[in-house]
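Chains, contacts and geometry: an overview
Here's the letter readout for the chains.
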Amino acid sequence: MTVSTEHEQLVGLFRDRKELLAELLADLGIEVVGEGEPEGDGNDLNQPKAVQASADLVQLFRKAGEVVEAAVVEVQLRVAPRKRRRWPMYATTLGDRHDCQVRVVVVAPDAKVADWAREPIRLGGGNEYRVTVLGPTEIPRPSSSEEPVERLLLALRVHPDADAAQVALGATNRLPVEDRADYIDAVLDLLPEAVRQEVIEMVTTRKRLYPQTDFAREHYGKGLIEALLRVLGRRFGELSAETVERVRTADGDQVLIWLDRSLDVATLEAVFAEPPPPSE
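Figured I'd write up the structure that's included with this text. (Residues numbered from 1 in each chain as written. Predicted model: local features only at pLDDT ≥ 70, side-chain atom pairs only at ≥ 80, totals over all residues. Heavy atoms only, no water.)

Looking at the overall build of the protein chain
Looking only at helices and strands, one finds 13 helices and nine strands in the protein chain. Residue burial in the protein chain is summarised as follows: out of 280 residues, 47% are buried. Taking the intrachain contacts of the protein chain between residues at least 6 apart in sequence as the baseline, contacts between residues at least 24 apart amount to 61%. Approximately 14,700 Å² of the protein chain is accessible, and the part contributed by carbon and sulfur atoms is 49%. (Helix = DSSP H or I, 4+ residues; strand = E, 2+ residues; numbered from the N terminus. Buried < 20%, exposed > 50% of the residue type's maximum accessible area, 1.4 Å probe, protein only. Contact = heavy atoms within 4.5 Å. Areas by Shrake-Rupley, 256 points an atom, 1.4 Å probe, with all protein chains shown as cover.)

Here it is as structure tokens:
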């Protein structure tokens, strides 16, 4: 089965920030013991001579060097009954391997998929198994651009609207310069096409210089600056420190003028050229 790029991106958020899973569970009142880290020997969950399966991510929680708890993270973008039947096996296999309790956590950005994942899995003999689901109900909207970028991107995938995108873009300035363009791409890639175009319009047209909601307006300026720097870098190559500083210290009206001009002129110097004096 081919794994989608989106699937890998979401799994990567948990892999890149080992605290993310514990933070999201804590929001639900679920406390995990110990410090979490991805399992070092890979994600294969093997039952010799019986079943072989591969989970998206296995995270072990250690205390004083000992595994005291474990979690299997599964990103589920669609209803898949055969995949669902593996989840109890993941828990029992991993629990047997490390002699600890195991929680299967299903990340389901779509509300219908999340509801499906919450249904009990019937094991026979009157027994049932339930997973912990992180869906639109459990993952809150992004509320501050100071949140870790992995959490912002996950929240944006679950709540993909223009206001949420503006908050996520507000985190761009906190990233190393070399990572900013990739981050902006990641934000835009998580949006439906119509919302993506709306966000681009917010950044590139004068009529949306000041977004209509206080929630979006608070984070708009940072996204506008980063959009200009990205366009300049794509069109004219690496920018000098002086150019970057000039953009970052300009007011919003000036940044928008430069952004509009950058789409048409042939040189970097022309972007910043002073307008000619009015004719008498």
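What to know about the pattern of salt bridges
Tallying each qualifying case throughout the model produces 13 salt bridges. The partner of E23 in a salt bridge is R17, with the nearest N and O atoms 2.5 Å apart. Across the salt bridge formed by R230 and D185, the nearest N and O atoms sit 2.1 Å from each other. In this pair, R230 is assigned in helix α10 (residues 214-236) and D185 in helix α8 (residues 177-189), connecting sequence segments 45 residues apart. Each of R17, E19 and E23 takes part in salt bridges that share partners, so that together they form one network. (Salt bridge = Lys/Arg side-chain N within 4 Å of Asp/Glu carboxyl O.)

As for the packing of helix α2 (residues 20-27) against helix α6 (residues 149-158)
Closest axis-to-axis distance for the α2/α6 pair is 10 Å, and the angle between their directions is 60 degrees. Comparing their axes, α6 and α2 come out oblique. For the pair α2 and α6, the crossing hand works out as right-handed. Where α2 approaches α6, its residues L20, E23, L24 and D27 are matched on the opposing element by E150, R151 and L154. Partitioning the contact of α2 with α6 into residue classes produces three nonpolar, no polar and four charged. (Axes fitted to C-alpha atoms, helices over the stretch in contact; angles between N-to-C directions. Parallel < 35°, antiparallel > 145°, perpendicular 65-115°, else oblique. Left-handed = near helix turned anticlockwise from the far one by under 90°. Nonpolar A, V, L, I, M, F, W, Y, C, P; charged D, E, K, R; others polar.)

A closer look at the side chain of S262
By the element assignment, S262 lies in helix α12 (residues 252-262). Excluding residues that lie within four positions of it along the chain, S262 makes contacts with L228, V231, L232, R235 and V271.

Things to note about the side chain of R151
Within the secondary structure, R151 sits in helix α6. A relative accessible area of 15% means that R151 is categorised as buried. The contact partners of R151, leaving out residues within four places of it in the chain, are L20, E23, L24, D27 and P140.

Structural notes on the packing of aromatic side chains
Per the counting criterion, the structure on display carries two aromatic pairs. For the ring pair W87 and W116, a centre distance of 5.8 Å and an interplane angle of 65 degrees mean the geometry is edge-to-face. Of the two residues, W87 is situated in helix α4 (residues 87-98) and W116 in helix α5 (residues 111-118); the sequence distance between them amounts to 29 residues. Residue classification places W87 among the buried positions, given a relative accessible area of 0%. Exposure remark for W116: the relative accessible area of 12% places this residue in the buried category. Consider the rings of W258 and F272, whose centres lie 4.8 Å apart with planes at 75 degrees: the pair is edge-to-face. Here W258, found in helix α12, pairs with F272, found in helix α13 (residues 268-272); they are 14 residues apart in sequence, far enough to count as distant. (Phe/Tyr/Trp six-rings, centres within 6.5 Å; stacked < 30°, edge-to-face > 60°.)

Some points on the environment of W87
Taking the C-alpha atoms as reference points, W87 and R130, 43 residues apart in sequence, are found 9.0 Å from one another. When near neighbours in sequence (up to four residues on either side) are disregarded, W87 contacts E74, Q76, V104, V106, W116, A117, I121, Y129 and V131.

Considerations on α8
Regarding α8, the residues found buried are R180, Y183, I184, V187 and L188. The buried side chains of α8 occupy one side of the element, clustering within an arc of 135 degrees when seen end-on. Away from its buried face by more than 90 degrees, α8 exposes E178, D182 and D189. (Arc of directions from axis to C-beta.)

Focus on the environment of L152
Inspection of the secondary structure puts L152 in helix α6. Take L152: its relative accessible area is 0%, and that puts it in the buried class. When the C-alpha atoms of L152 and P140 are compared, they prove to be 9.8 Å apart, with twelve residues separating the residues in sequence.

A few points about the pairing of strand β7 (residues 121-124)
Alignment of β7 against strand β8 (residues 127-129), held across three bridges, turns out to be antiparallel. Bridging across to β8, I121 finds its partner in Y129. Counted along the chain from β7 to the antiparallel partner β8, the turn is two residues long, and its residue G125 has a positive phi close to 65 degrees. (Pairing = 2+ DSSP bridges.)

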